[in-house]
Amino acid sequence: MGLKNRIVPGGLYFLTMTVVDWVDIFTRPVYKHIIVDALKFCQEKKGLKLYAWVLMSNHMHLIAAAEEDRNLSDILRDFKQFTSRKIVAIIQEEPESRRQWLLHRFEFNAHLSTNVRHYKVWQDGNEAKELLSNSFIDQN
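Residues numbered from 1 in each chain as written. Predicted model: local features only at pLDDT ≥ 70, side-chain atom pairs only at ≥ 80, totals over all residues. Heavy atoms only, no water.

A. Layout of the pattern of salt bridges. Applying the stated criterion across every chain yields a total of eight salt bridges. A salt bridge links Glu 96 to Arg 98; the nearest nitrogen and oxygen atoms lie 3.7 Å apart. Take Glu 96: its relative accessible area is 8%, and that puts it in the buried class. Judged by its relative accessible area of 22%, Arg 98 is partly exposed. Of the charged contacts in the structure, one is a salt bridge between Lys 120 and Asp 124, with a shortest N-O distance of 2.5 Å. Residue Lys 120 is classed as buried on the basis of its relative accessible area, which comes to 8%. Look at Asp 124 and you get exposed, because its relative accessible area is 61%. (Salt bridge = Lys/Arg side-chain N within 4 Å of Asp/Glu carboxyl O. Buried < 20%, exposed > 50% of the residue type's maximum accessible area, 1.4 Å probe, protein only.)

Read these as layout, nothing more, since geometry by itself doesn't imply function.
Pasting the structure below:
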């Protein structure tokens, strides 16, 4: 992650997490529920402080921080890993008209990455912008 998107402890951030190739995965409720459940888990068990969020068809925005003794980068990493695995499992198990295409996109993107073996759902990074002042917050 570059310095411009570096997450420092104690900060409040506007985050954008995007699906690879801007794939419209969150058009179906089953995938939306994975995100909602994972966010709840991260709040209850991992120290995610979530102030606002919105889930779009192919990306999501959060205004978030981590509890004092927790690391926001670690929470986001774990969130993305868990939701990626769960989304792929549901695509493979449930009726999905776009199954082959979705798995192909996620598999193709995994081959472009050195740290992903099978399927890559999320783009690298979190497009993190620290919210430093009210005027900055009003711009985002």
